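Here are the chains, one letter per residue:
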Amino acid sequence: MNGRVRNAVSLTLNLAIVFFVGISVYYNLRNDVIRDASWFGYTGVKSLVFFTNLSNIFIAITSAVTIAFNFKNAARDSFDFPFVFKNIKYTSTVAITLTCVTVVFFLAPYAALIGHSYFDLFRRNNIYTHLLVPILAIINFLVVESNDDLGFKSVFYGVIPTVIYSVVYLVMVVFIGEANGGWVDFYGFTFGGRLWTVPLSFTGMYAATFVISWLLYLIQKKICVKRNKNRLLEEGK
């Protein structure tokens, strides 16, 4: 794909992400719809306690900003984004990928283990937040918008949202607790109140986030190298 086509595809995918997240946020803020038991009573604005919703909003914001750059690129017949913003977009992509991976390999199997269907977390609004938006974001970042090597330190940037959220989650679930106005352990990281599992859960989550961040970086770097080689070959002709 040349720059003009990639910019058009990028614009389309970013618009789709913003649209689907918009539908999700609208759904979450409504009070007149039937909620699944899995929401633990966190409806409306309270639904923002979930990392799933926060990561979707994060990727929607970065996608909305990218749209502005898409129009700028179209006007200039170019395809480029500020380096600092690329790192922010990368960080949001890591966060939304973590959401998808956590649901697919941890939460959905856990739901099946306690008597629910594995696919409960992919029904209704969840199909956007847990699957569709993450897939679009990953494709957009890796295949369409990759231009330059972000540098290995970007891998650590990708872990930042998880660290921040985990600290808040720890305080609200463990130190404050549901009885005192904190949060229910809706992600099951204490496995039913077993506090000794918290360090294991958080270590596992940090490790998983780092691996996801590193893999996205590695794949993106390889795509950029191949893309730049092809560009040089074309220019040589």
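The structure we're discussing is the one just above.
Residues numbered from 1 in each chain as written. Predicted model: local features only at pLDDT ≥ 70, side-chain atom pairs only at ≥ 80, totals over all residues. Heavy atoms only, no water.

So, the side chain of threonine 91
Logical step 1: Inspection of the secondary structure puts threonine 91 in helix α3 (residues 83-113).
Logical step 2: Those residues within four positions of threonine 91 in sequence are excluded, and the remaining contacts are Phe58, Tyr157, Gly158 and Pro161. (Helix = DSSP H or I, 4+ residues; strand = E, 2+ residues; numbered from the N terminus. Contact = heavy atoms within 4.5 Å.)

Regarding the pattern of salt bridges
Proximity of charged atoms lets side chains of opposite charge pair with each other.
Logical step 1: According to the stated counting rule, one finds 5 salt bridges in the structure shown.
Logical step 2: When the shortest N-O distance is used, the salt bridge between lysine 86 and aspartate 148 registers 2.4 Å. In this pair, lysine 86 is assigned in helix α3 and aspartate 148 in the loop between α4 (126-144) and α5 (154-157), connecting sequence segments 62 residues apart.
Logical step 3: Judged by relative accessible area, lysine 86 falls into the buried class, the value being 9%.
Logical step 4: If you follow the salt bridges from partner to partner, you end up with Asp80, Lys86 and Asp148 in one network. (Salt bridge = Lys/Arg side-chain N within 4 Å of Asp/Glu carboxyl O. Buried < 20%, exposed > 50% of the residue type's maximum accessible area, 1.4 Å probe, protein only.)

Side note on the nonpolar core
Logical step 1: Counting 30 residues, the largest nonpolar core has Tyr90, Tyr165, Tyr169, Trp183, Phe186 and Tyr187 as the members making the most contacts within it.
Logical step 2: Sorting the residues of this core by element identifies α3, α4, α6 (160-176) and α7 (198-236) as the ones contributing at least two each.
Logical step 3: The dominant element in this core, judged by the number of residues it contributes, is α3, at 7 residues.
Logical step 4: Each residue touching tyrosine 187, except ones within four places of it in the same chain, is listed here: Phe50, Phe51, Thr52, Phe106, Leu107, Tyr165 and Tyr169.
Logical step 5: The next biggest cluster of nonpolar side chains, apart from the first, holds 12 residues, and it includes Leu13, Phe20, Ala60 and Ala137. (Core = buried A, V, L, I, M, F, W, Y, C linked by side-chain atoms within 4.5 Å.)

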